[in-house]
Amino acid sequence: MTRWRPLPDILPREARHLVEQLRALKDRTGLSLAELARRTAYSKSSWQRYLSRAKQPPRGAVQALCRVAGADQARLLALWDMADQTWPRGLPDPAGQAVDAAARPAAEYRRWRAAALVSFAVIAVLLAGLLWVLPARSG
C-alpha cells in the first residue's frame, strides 16, 4: 500500500473524497503507477498528478481506473461530477508551484510577444544599416 501525503485542508470536500477514493482503488489493485500507466491510456506522471491532487483527473481516467480495479463506475463518476463543480483552479501543487491552466497561455503569449519584439528589432537594425549603406554607395 502506498503511503500517500495528506491532502490539503483547502481542497473542497467533494474533490478530497474523489482523490481518496481513487487512491483507495489504486491501492486495491496493488499496481505501481508505472503498471497502472501501462494498463490505461494515462502516463505514470499523469497518475501521480491525479493521485496527489495536483491536477483534476479527467473523467476518462476515473473510468479507466474503475475498469482496472473492477469497481463500480457509476458511483465514482457521480463523485467525479460533484468534484468537477468544486475542483479548485489555481491550487498550489505539492511542490508549491501554482497549477493554473489560465497562466500557461498567458506565459506562452508573453514568450511569443517577446520573440516578435526581438525579431522586429533585428529587422529594424538591418533596415537602418541597409539605408545607411545605400546612400553612401550612390554618391
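Residues numbered from 1 in each chain as written. Predicted model: local features only at pLDDT ≥ 70, side-chain atom pairs only at ≥ 80, totals over all residues. Heavy atoms only, no water.

- The protein carries the name Helix-turn-helix transcriptional regulator in an unreviewed UniProt entry, which gives Streptomyces olindensis as its organism.

### Notes on the overall build of the protein
Okay, step 1: The helix and strand tally for the protein stands at six helices and zero strands.
Okay, step 2: The proportion of buried residues among the 139 residues of the protein is 29%.
Okay, step 3: Pairs at least 24 residues apart make up 57% of the contacts formed inside the protein by residues separated by at least 6 positions.
Okay, step 4: Counting only carbon and sulfur atoms, one obtains 59% of the accessible surface of the protein, whose full area is about 9,300 Å². (Helix = DSSP H or I, 4+ residues; strand = E, 2+ residues; numbered from the N terminus. Buried < 20%, exposed > 50% of the residue type's maximum accessible area, 1.4 Å probe, protein only. Contact = heavy atoms within 4.5 Å. Areas by Shrake-Rupley, 256 points an atom, 1.4 Å probe, with all protein chains shown as cover.)

### Some points on the nonpolar core
Okay, step 1: Counting residues in each nonpolar core, the largest one holds 25 residues, and the members touching the most others are Leu18, Leu22, Trp47 and Val62.
Okay, step 2: Where this core is concerned, the elements lending two or more residues are helix 1 (13–29), helix 2 (33–39), helix 3 (44–51), helix 4 (59–69) and helix 5 (73–86).
Okay, step 3: The residues contacting Leu18, other than those within four sequence positions of it, are Pro57, Leu76, Leu79, Trp80, Ala83 and Trp87. (Core = buried A, V, L, I, M, F, W, Y, C linked by side-chain atoms within 4.5 Å.)

### A short note on the packing of helix 1 against helix 4
Okay, step 1: Where helix 1 contacts helix 4, the axes come no closer than 9 Å and their chain directions differ by 35°. Considering how the two elements wind past one another, helix 1 and helix 4 form a crossing that is left-handed. Listed contacts from helix 4 to Leu22, Leu25, Lys26, Arg28 and Thr29 of helix 1 are Val62, Leu65, Cys66, Val68 and Ala69.
Okay, step 2: Broken down by class, the residue content of the contact of helix 1 with helix 4 amounts to seven nonpolar, one polar and two charged. (Axes fitted to C-alpha atoms, helices over the stretch in contact; angles between N-to-C directions. Left-handed = near helix turned anticlockwise from the far one by under 90°. Nonpolar A, V, L, I, M, F, W, Y, C, P; charged D, E, K, R; others polar.)

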